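Residues per chain are reported as follows:
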Amino acid sequence: MNRQRRDVLKFGALLAGAPLISKVAATNLLADELNSGLVKNGTVNTAAHWGMLKVEVKDGKIVGSNPIQKTSDIPNPLQNFTADMVYKSRIRYPMVRKSYLMDPNNPKPELRGKDEWVRVRYEDAIKLVARELKKTRKEKGIQSVFAGSYGWKSSGNVHNSRILLHRFMNLSGGFVGHLGDYSTGASQVIMPHVMGSIEVYEQQTSWPLILEHSKVVVIWGANPLNTLRIAWTSTDEQGFKYLEELKKSGKKVIIIDPIKSETAQYFDKAQWVTPLPNTDTAMMLGMMHYLYTSDKYDKEFISTYTVGFDKFLPYLLGKTDGVAKDLDWASKICGLKASLIKELADTFMNNRTMLMSGWGMQRAHHGEQPHWAMVTLAAMLGQIGLPGGGFGLSYHYSNGGAPTCKGGVIGGMNSASLGFFNEEGEFIGTNTGSFDKNGRFIAKPVAASGTGQSWLSKATEYVFPLARIADALLNPGKVIDHNGKKITYPDIDFIYWVGGNPFCHHQDTNTLVKAWQKPRTIVVNEPYWTPTAKMADIVFPTTTAYERNDITMTGDYSNMNIVPMKQVVEKFEESRDDYQIFSDLCKAYAKNLVVAYTDNGKDEFDWIKEYYDAAYNQVISVPDLVTDMKPFNEFWAANEPVTFASTPESDQWIRHGEFREDPILNALGTPSGLIEIYSETIEKMGYDDCKAHPMWFEPIEWLGMKDKPAKFHMISAHPADRLHSQLSNTSIRDNYAVANREPIWINEKDAKELGIKDGDLVRVFNARGEALAGAVVTKNISRNVVRLCEGAWYDPDMNGLCKNGSANALTIDIPTSKLANGNIAHTALVNIEKFTGEAPKLTAFSDPKFV
């Protein structure tokens, strides 16, 4: 149950390796037999983040796609645009930026995004990258190479672009990576201190127990009707089924959100509560003060299962700062009536209540505080570890709470081990493997010698929080605090990015543009001309998931299905699989390296079969396990998913249930083994922006501040019809674009005051940047709040105005605190006005300039 979504090994279920380039794969009889021909007319089953798909092919071209199965009546429109994913905005050939190609030593990085592109032979691009990577390592050291490469890579356990990149970088000499992610940057650091586990990527109390025992379900700062359309692997859509059942159950649902989201509209009888953005912690503190002073909290739970409540009380009661965190205090901050906050606290206390939190509240200045406060509130309610009670931080993500099924688990690529080289520059092995007398790479440790032996300590020393990448690029050598340690930024001169789009997901894009001009070399593997690809020096066109073979599972928590991902159509133009690219880079970089990288020549089918067989052997070794799982060749020929069933135990699973049953035998992973309302570990860090217990800190920008720099609080929520920036270039955009731009929600009274009408083109701006958007005038948003969803492809004009409405042109790039250094995407004030003049032409989805 205790799993992270980024763990591609899935319970450590075996296996390493990488695929082999096509010239060698052509000799593989298994590959020839299994991939004897593509379907020219008919249907092919596959999978994507947005579910299992049946793709329709006519004359060798994709013409449609639909879900293989439906679990509810809730639609998922992301599943119907597969053709556009293959044929729109594609990079056709290997390309090099003109100035870089002319002189890689003086590549004029200030021209990134403006320069012309030159088509080059694939072999020449491979040699260029290998040469410049080797040069960078030799001249500036291993810490100058960054390959963290965060992003939502495509589904599939073989073609995991980020792991394949790391495998190459590890074997060839090393790189600097990163800590954390953009999704849960604050919570994944604070929760281990409080709960002893990461919480945000872990299984939740099962939905059947919610439906049976919960009297009140609170959806706090989450929009699961949107976010459950996707999963890190492939969604099983069980979450939709349970939302549907929750609605039919008649249970009390409370939505706490400044926006009447798609989820709030779906639960049309729910209570909609609208605090000011970024004030959730103050609201919870007000509830806690009321519960304590009215003697309504669960004293036994606090004394048995938590530590530090007595040290937290002086702050809550105002003895440390003279300010009691009572209902009136909370009301003034969060903009809700004190009577409403009291009513909510009583409702939570008097009923079996599940607090389902989203992640938006922790993507804010001092984002460590809201989830810490929520745990403390839940502890005072005393329902943690009870069926249908407590809190959950992952119900809105990847179908958390869908019971885990009993069956086989597919393994995945690993990032390999440290590579060693001899004095001639030949690859001689790793700390876990070497070559036998026949030249085969075998699992056998070798002595640490050669040029690779010391890079690991250097890389570890310089690893930094992901959300600080622009700061790191701009300030090499700067020392920052992070979770009790000191981190020194490396001097990054070479970036290799795959499977992600930082020019859509990083905050304060204009600052990122400046930071992106610092490195000498930036390489990107990418199917599409994304904003990030356009800002690179060298781009390799890669295949989409529909142009290669792979295998995945559905349900990050349920492990419900094993899905074959058969190649649907021919590879587009000169696109290549990432592992072919990295195999070829190995061959160009050092003798023998490709043998280790490919584990003696395995291709995609070798790995698909090996992963499947390992799962199959798990299944057949379990007595009385009922499954339709067949031997691999039959499975692949049938092209149908294997489905597993949940068990009575998983149907009845309670998060922290064992801890509640016996907190000594089932202690948490905190220093005390208990829930830490007060953390002595954090106290010793001595940070001024994250103390030893949950607190209200005033954000750098919010609606309650004096001398506001702008009028509206902008919430950059997850979009309904994209996966972050994925699918942005497809015709699904026709369903939501307004004035051919990203839509921005604005309250109808605010719009009237500004003379803005529904459908108007508007300029959204602040001191950091500006963007064009299309106005959606609505009652479904609080006054002085606007919603501009993240993920729109950044499309700047010559003055930096984003013509396409990218929210991160307006967000702030400072850390949540010294503890976690997460991003604060949801802390930003903006102004909005009707745009006048001729609307500039949108170029977000157009090709860049070519020589």
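Small disclaimer: the values here were computed from a predicted structure and weren't measured.

Draft legend 1. Region of the structure containing the overall build of the protein. Secondary structure summary: the protein contains 30 helices and 35 strands in total. Relative to a compact globule of 851 residues, whose C-alpha radius of gyration would be 29 Å, the protein shows 27 Å and is just as compact. Each principal axis of the C-alpha distribution contributes one length, and for the protein these read about 75 × 70 × 55 Å. The 851 residues of the protein split such that 65% are buried. For the protein, the proportion of contacts with a sequence separation of at least 24, taken over those separated by at least 6, is 75%. Total accessible area on the protein is roughly 30100 Å²; 50% of this is exposed by carbon and sulfur atoms. Positive and negative side-chain charges in the protein, numbering 94 and 97 respectively, have mean positions lying 3 Å apart.

Draft legend 2. Fine view of the side chain of Asp 795. By the secondary structure assignment, Asp 795 is in the loop between strand E34 (785-788) and strand E35 (829-834). For Asp 795, a relative accessible area of 3% corresponds to the buried category. Once you skip the residues sitting within four places of it in the chain, Asp 795 turns out to touch Leu 801, Cys 802, Lys 803, Asn 804, Leu 842, Thr 843 and Ala 844.

Draft legend 3. Geometry of the sheet that holds strand E33 (residues 770-778). The strand order around the closed barrel formed by six strands is E30-E34-E31-E33-E32-E35, and the pairing between neighbours is mixed. Between one strand and the next, the sheet's axes are offset by a mean angle of 45°, whatever the strand orientation. Where strand E32 (residues 761-765) meets E33, five bridges bridge the pair, whose relative direction is antiparallel. Bridging across to E33, Arg 763 finds its partner in Leu 772.

Draft legend 4. Main features of the side chain of Gln 567. Relative to the elements of secondary structure, Gln 567 occurs in the loop between strand E26 (561-565) and helix H23 (578-589). Within the local environment of Gln 567, its side chain forms a polar contact with the backbone oxygen of Glu 547, the two atoms lying 3.4 Å apart. Only 3.0 Å separates the side chain of Gln 567 from the backbone oxygen of Val 569, close enough to count as a polar contact.

Draft legend 5. The arrangement of the sheet that holds strand E24 (residues 538-541) in detail. Spatial ordering of the open sheet is given by E5-E4-E24-E23-E22-E6, a layout of six strands whose pairing is mixed. Unpaired on one side and paired on the other, strand E5 (117-119) and strand E6 (145-146) mark the two borders of the sheet. Pairing analysis gives five bridges linking strand E22 (residues 494-498) to strand E23 (residues 521-526), with the strands arranged parallel. Bridge pairing links Phe 494 to Thr 521 in E23. Of the strands in this sheet, E6 and E22 touch helix H6 (residues 161-172), which is tilted by about 145° from E22. The strands touched by H23 are E22, E23 and E24; relative to E22, the strand with the most contacts, the crossing angle is about 150°.

Draft legend 6. Molecular detail of helix H25 (residues 604-620). Helix length check: H25 (17 residues) gives 24 Å between terminal C-alpha atoms against 24 Å at 1.5 Å per residue, within 8%. Across the 17 residues of H25, twelve count as buried, placing the element largely inside the fold. Here H25 starts with a cap whose side-chain oxygen sits 3.0 Å from the backbone nitrogen of Phe 605, and that cap is Asp 603.

Draft legend 7. Quick look at the domain arrangement of the protein. The domains assigned to the protein are domain 1 (36-87), domain 2 (95-182 + 407-645), domain 3 (193-396 + 653-680) and domain 4 (712-834). Between the C-alpha centres of domain 2 and domain 3 the distance comes to 37 Å. Listed by partner, the interface residues are 15 residues for domain 2 and 15 residues for domain 3. In total, domain 2 and domain 3 occlude about 1300 Å² of area from one another, counting both sides; carbon and sulfur atoms represent 49% of this.

Draft legend 8. Spatial organisation of the nonpolar core. Ranked by internal contacts, the top residues of the largest apolar core, which has 166 residues, are Trp 50 and Trp 220. Ranked by size, the runner-up nonpolar core spans 62 residues in total, among them Ile 126, Phe 540, Cys 586 and Tyr 616.

Draft legend 9. Main features of the pairing of strand E20 (residues 479-482). The two faces of E20 differ: Ile 480 and His 482 on one face are buried, but Val 479 and Asp 481 on the other face are not. Here E20 hands over to strand E21 (residues 485-488) after two residues, with Asn 483 in that stretch at a positive phi of 50°.

Draft legend 10. Representation of the pattern of salt bridges. By the definition in use, this model includes 45 salt bridges. With its nearest N and O atoms 3.0 Å apart, the salt bridge here joins Glu 199 to Arg 655. Of the two residues, Glu 199 is situated in the loop between helix H7 (187-195) and helix H8 (207-213) and Arg 655 in the loop between helix H27 (648-651) and helix H28 (657-661); the sequence distance between them amounts to 456 residues. Judged by its relative accessible area of 8%, Arg 655 falls in the buried class.

Draft legend 11. How the structure looks around the packing of aromatic side chains. Going through the model one piece at a time under the given rule, you end up with 43 aromatic pairs. When the ring of Trp 152 is compared with that of Tyr 397, the centres are 6.4 Å apart and the planes differ by 80°; the resulting orientation is edge-to-face. Linking Trp 152 in the loop between E6 and H6 with Tyr 397 in the loop between strand E13 (390-392) and strand E14 (405-406), this pair joins segments that are 245 residues apart in sequence. Judged by its relative accessible area of 9%, Trp 152 falls in the buried class. On the accessibility criterion, Tyr 397 (5% relative accessible area) is buried.

What counts, and at which threshold
Residues numbered from 1 in each chain as written. Predicted model: local features only at pLDDT ≥ 70, side-chain atom pairs only at ≥ 80, totals over all residues. Heavy atoms only, no water. Helix = DSSP H or I, 4+ residues; strand = E, 2+ residues; numbered from the N terminus. Rg over C-alpha atoms; globule rule 2.2 N^0.38 Å. Buried < 20%, exposed > 50% of the residue type's maximum accessible area, 1.4 Å probe, protein only. Contact = heavy atoms within 4.5 Å. Areas by Shrake-Rupley, 256 points an atom, 1.4 Å probe, with all protein chains shown as cover. Lys, Arg positive; Asp, Glu negative; His and termini not counted. Charge placed at Lys NZ, Arg CZ, Asp CG, Glu CD. Pairing = 2+ DSSP bridges. Axes fitted to C-alpha atoms, helices over the stretch in contact; angles between N-to-C directions. Polar contact = N/O pair within 3.5 Å; in protein donor to acceptor, adjacent residues only side chain to side chain. Expected span 1.5 Å × (residues − 1). Domains from an automatic or database assignment. Buried area = accessible area lost by both parts, 1.4 Å probe. Core = buried A, V, L, I, M, F, W, Y, C linked by side-chain atoms within 4.5 Å. Salt bridge = Lys/Arg side-chain N within 4 Å of Asp/Glu carboxyl O. Phe/Tyr/Trp six-rings, centres within 6.5 Å; stacked < 30°, edge-to-face > 60°.

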